[in-house]
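As a plain string of letters, each chain reads:
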Amino acid sequence: MRPEQLGVWQSLDRLGYGNARHVARRAEALGYDTFWYPESALSESFVTGTTLLGWLERMKVGSSIANIYARDPMSAGNGVRTLNALNDGRFTLGLGVSHAPMVQGMRGHVYEKPLPAMRMYLEAIYAGQHKLGQPTALPIMLGALGPKMLKLSGELAQGALPYNVTPDHTAYARSVLGPERRLVVEQKVALIGDAAEARRLARAELSRYMTLPNYRNNWLRIGFTEADVDGQGSDRFMDGMVAWGDADMIRRRIQEHLDAGADQVAIQPIADPGALEKGDVSAIEDALAALAPTMA
């Protein structure tokens, strides 16, 4: 696989920032194209992006995703424009509507209807840049799952950043976006041959997503059942969300996304939570090395 087809997705605060720097630089040395990162309850998206751009010399950086409720539209527009001006155009701003518990429960905002909220936010970004006399064609992509947000990604952004999806969803996303917009999908991976252990790690990783309506609704839409996503989740669901096995088995899943229309697959190696708490990121590093792109 070519370097531009492979990215890395990791949460810096979960790794610990010292380990995160090491992992990011290792990913760059291995030839991955972009380092994608989330915005969590413990981190701020533009600070994280600025830090990563400083750590890395060549690798691109992208938020996946920055919460629209965390900053006003002018701040977002100014942020993405300034970061690119200072860093050779290496930054992509991925935006998302997040989830009601994070917006209302943690931030104290009112969680608006996702589609109109995102549309108004994007239009305000572009209007603000226009008033400042700045270019409005900014490298912005959307965290999109359903048909309406995917359509908006093709209308008012440069593309979409689906998360927790299957190759079937990738094919659907491409059909909605059309051929001109960029499509980058996240794929969790585990370089583990034992099915029981792989599924144990998958459940530990996915449990925090399985109660969130935005993800559940999309999983049901793409063919999983309530039984698949209730409780601890079915083995079928775990295998659908996490590509596990040897490097060749995982590459086949990545290739399925590419064949379905993804421009890039951002792999997220998962690790035992206990190991991460102890600062052990060897499982992540091993997976990155095994799945590294073919260097030109």
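Our subject is the structure that appears above.
Procedures and definitions
Residues numbered from 1 in each chain as written. Predicted model: local features only at pLDDT ≥ 70, side-chain atom pairs only at ≥ 80, totals over all residues. Heavy atoms only, no water. Core = buried A, V, L, I, M, F, W, Y, C linked by side-chain atoms within 4.5 Å. Buried < 20%, exposed > 50% of the residue type's maximum accessible area, 1.4 Å probe, protein only. Helix = DSSP H or I, 4+ residues; strand = E, 2+ residues; numbered from the N terminus. Contact = heavy atoms within 4.5 Å. Salt bridge = Lys/Arg side-chain N within 4 Å of Asp/Glu carboxyl O. Expected span 1.5 Å × (residues − 1). Polar contact = N/O pair within 3.5 Å; in protein donor to acceptor, adjacent residues only side chain to side chain.

Draft legend 1. Geometry of the nonpolar core. If you look at the biggest cluster of nonpolar residues, it comprises 92 residues, and the most contacted ones within it are Tyr-32 and Leu-95. With 6 residues, the top contributor of residues to this core is helix H6 (residues 114-131). For Leu-95, the contacting residues outside a window of four places in its chain are Ile-65, Ala-66, Ile-68, Met-118, Tyr-121, Leu-122, Ile-125, Ile-140, Met-141, Leu-142 and Gly-143.

Draft legend 2. How the structure looks around the pattern of salt bridges. If you walk through the whole model with that rule in mind, you get 19 salt bridges. The salt bridge partner of Arg-119 is Glu-123, with a shortest N-O separation of 3.9 Å. Taken as a pair, Arg-119 and Glu-123 lie in helix H6 at a separation of 4 residues, close to a single helical turn. Classification of Arg-119 by relative accessible area gives partly exposed; the value is 28%. Given a relative accessible area of 40%, Glu-123 falls into the partly exposed group. In this structure, Glu-155 and Arg-119 form a salt bridge, with 2.9 Å as the shortest nitrogen-oxygen distance.

Draft legend 3. Helix H4 (residues 73-86), seen in detail. Between its first and last C-alpha, H4 extends 20 Å over 14 residues, near the 20 Å set by a 1.5 Å rise per residue. For H4, the elements touching its buried residues are helix H3 (45-55), strand E5 (91-96) and H6. Of the residues flanking the start of H4, the one acting as N-cap is Asp-72, its side-chain oxygen 3.2 Å from the backbone nitrogen of Met-74. Taken from the residues just after H4, Asp-88 is the one with a positive phi, measuring 55 degrees.

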